[in-house]
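Examination of the molecular architecture
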Amino acid sequence: MPDTTVTIPLTGMSCANCAATIERRLGKLPGVHRAAVNFAAERAEVAYDPQQVAVPELVARIRESGFGVAAARVEMPVTGMTCANCAANIERALVKRTPGVLAAAVNFASERAQVDYLPSLIDTEGLVAAIEKAGYGALPPAAGEAADAETAARRAEIRDQTRKFAVGAAFTLPLFLLSMGRDFGLLGAWSHAPGMNWLLAALATPVQFYTGWDYYVGGVRSLRNRSANMDVLVALGSSVAYVYSLALLLVPGLGGHVYFETAAVIITLIKLGKLLEVRTKGKTGGAIRKLMGLRPRTATRIEGARDIEVPIERVVVGDLLLVRPGERIPVDGIVRGGGSTVDESMLTGEPIPVDKQVGDAATGGTINVAGVLRLEAARVGRDTVLAQIIRLVEEAQGSKAPIQAVADRVAAVFVPAIIALALLTFGVWWGLTGEFVPAMIRLVAVLVIACPCALGLATPTALMAGTGRAAESGILFKSGEALERASRLQTIVLDKTGTITQGRPAVAEVVGVGAFREDPDGLLALCAAVEHGSEHPLGRAVVAHARQRGMAPAGEATDFQARRGAGVTARLDGRPVAVGRPDWIRELTVETGPLEERIQALQAEGKTVMVAAVDGAAAGLIAVADPLKPESAEAVADLQRLGLAVVMVTGDNPATARTIAARVGIREVAAEVRPEAKAAQVKALQAGGRAVGMVGDGINDAPALAQADVGFAIGTGTDVAIEAGGVVLSGGSLAGVPRAVGLSRATMRTIRQNLFWAFGYNLLLVPIAAGVLNPLESLPMMLRQLHPILAALAMAFSSISVVSNSLLVILKLAVGFLIGAVSIISEAIHS
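About the thresholds
Residues numbered from 1 in each chain as written. Predicted model: local features only at pLDDT ≥ 70, side-chain atom pairs only at ≥ 80, totals over all residues. Heavy atoms only, no water. Buried < 20%, exposed > 50% of the residue type's maximum accessible area, 1.4 Å probe, protein only. Helix = DSSP H or I, 4+ residues; strand = E, 2+ residues; numbered from the N terminus. Pairing = 2+ DSSP bridges. Axes fitted to C-alpha atoms, helices over the stretch in contact; angles between N-to-C directions. Parallel < 35°, antiparallel > 145°, perpendicular 65-115°, else oblique. Left-handed = near helix turned anticlockwise from the far one by under 90°. Contact = heavy atoms within 4.5 Å. Nonpolar A, V, L, I, M, F, W, Y, C, P; charged D, E, K, R; others polar.

As for unusual backbone geometry
With phi around 55°, glutamate 111 is a residue other than glycine that occupies positive phi space. Its relative accessible area of 9% is what places glutamate 111 among the buried residues. Even without being a glycine, aspartate 573 presents a positive backbone phi close to 55°. With respect to the secondary-structure elements, aspartate 573 resides in the loop between β22 (567–572) and β23 (575–580). Take aspartate 573: its relative accessible area is 71%, and that puts it in the exposed class.

Side note on the environment of cysteine 86
Residue placement: cysteine 86 occurs in helix α3 (residues 84–97). Residue cysteine 86 is classed as buried on the basis of its relative accessible area, which comes to 0%. C-alpha separation for the pair cysteine 86 and phenylalanine 108, spaced 22 residues apart in sequence, amounts to 7.8 Å.

Let's talk about the sheet that holds strand β25 (residues 617–625)
One open sheet holds the six strands; their spatial order is β20-β25-β24-β23-β22-β21, and the pairing between them is antiparallel. Sheet topology places β20 (506–512) and β21 (557–563) at the edges, where each strand pairs with a single neighbour. Here the average twist between neighbouring strands, direction ignored, is 20°.

Remarks on the packing of helix α8 (residues 230–250) against helix α14 (residues 436–449)
Where α8 contacts α14, the axes come no closer than 8 Å and their chain directions differ by 155°. Compared by their axis directions, α8 and α14 come out roughly antiparallel. Considering how the two elements wind past one another, α8 and α14 form a crossing that is left-handed. Residue-level contacts link Leu233, Leu236, Gly237, Val240, Ala241 and Tyr244 of α8 to Phe436, Val437, Met440, Leu443, Val444, Leu447 and Val448 of α14. Grouping the amino acids of the contact of α8 with α14 by side-chain chemistry returns twelve nonpolar, one polar and no charged.

Listed below in structure tokens is the structure:
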């Protein structure tokens, strides 16, 4: 076979040696005949034999080498799944049989596929074709239409299933009444006439091959993919009863009692259970629908003297929009006119409106409460904060928590094991009793009572409910893994600036010495000139304070240099000037003795002190205060009540750090830690056996956020696409951290409960269906010999119970089941 050539976009290279490393590592893979890496273009071109090596292995080797691959990711709705094995089949079809697919995660509960792929090899249409080839359906994302198309497809599928259930119920009810009436002697001699069995067969056949046709199609499709799912069990169980009864009808000498009603009731009850499951399962995705419902469909664009209503898709960056009181802000933008208060609870989870004036940022989807706003569009479409939030929630809900791996492994062998157990049950009971019919009944009961769906739903439904509820509180889990890890945290590390404090430092005091003793304003102007080129919050505070006092910078700085986490140096009119931390200034051999007493006093008050040096001598100091966030002390107390140790890590001096920590109730403090060393602090805590969560702003703290078991990135309300860390707190509030930990623990408790009931259901009822209780004559006959109809009812009930537990409505389950059944029958009659 000729070689296949693939182009892989790369990330993380810093020099030509990196390119050589990748070439060498790829070249060692069997089947790779040529690997050429272009450092400038950041591309790897690989010629390989697809019979010996696959693209995912190439990507894995690149990542093992310490570099990244810029793969594309798409999420799309999937239709036609009936159990967790279907999700596994689609994943296998995409990863194993579709060139260019790197990874695929199919969530049975949300019915969505998340696929990582190389656009150079395959596009979204190719992914859809691969899913359809596996026997399922998929809807590719379309701009502005994906959600509507998905909703329409879901509704059409539910209508189809409702019709099939209605037909099944219409034929099954008289079939059941006639069969039971005859068995209990309630219908008279006419019910034993030879034609009666033919009537029962006529009633059962539409149920078997119309209502139950999906199970045959799904079962065959599953077996063709070298797997076995729930459809196989249902099709086998009902077919055994139907075919046996049909054989008795055609060859009366084989026996006298038919079981058409058993086959029909099994299919109808399970169809009802699946319908109720889909309806209940849909509620777990309510957060996504609620977020999508926040997107306005139109906007009012100002064009000269006219206000024109346009579809939201036609809004472009730079448009001037009018937002009236009570309307949702259509896109992210900047207020250019008017003033109002805005309800930002969809971002922060807090109901208190926020004042908006000219120059303030406003977020699409939030509600304009009072005045009229004129807004300049800054971000539209997929770039808006709301779109980012929806994507994050979709990705989290489409991901798998590590705890699900156990259920996945069990589900992979579950159906074959049940079939083997059913055959064993049949053989044992036929051998013990010598009677075919009781053995067959037990075989059917074992087949239909087993429920792989409950195993498949246990984790994702709870995950969807937990991440959805978190999103409503302004907490965005990026993945199921992040949520699970958050539940196991033992220690929380907090950055100070922007996390515990407001992150908006302001100059509190300026003290001059020497030539500046009587001229603190001159010192301020000098420091502002030096800090003019700085991006550090403290430097910006100095510049802002000088502007507020109407001061012009004292000249133009040259030779500007910034030492991260320490300070800055520059030249003003040829004179060397340094502004920075006292300890760093001392490292420059500057004597700070005249300032030491004042430095210590200001630090004891919780202020951050910067010392200025001119011509190698101390010129004075500037004290900056960064107010605490109002919720910081309460958030720390909440974390401690959850049993978490809280540590503050800051680049500030020890005195200021201890003062701030004491005010919020933190006892463990690491001070004078530069940004690049924060990750080492987290690593040291992990080395002591702690599971560590790091809370920071996602920029300077990125290495520490990445090092932590879970990184909590404090968002600003307008920037939720923070790459570092696994959790984004879009409201910017520290109070979100204990809420996130609490929600993760509650979600994991629900997942464990679901798995317990899912495993327990099958471990308990499958043996009962097999007849292990038969020798216990003191027990009711319904337990000693579980009828397949009761088994089908139990199977339908099991999946709904797991989903309902995820929604915390388990106590209302029985009522909900009955109400749902009546609702479906009513809709079917009216349609």
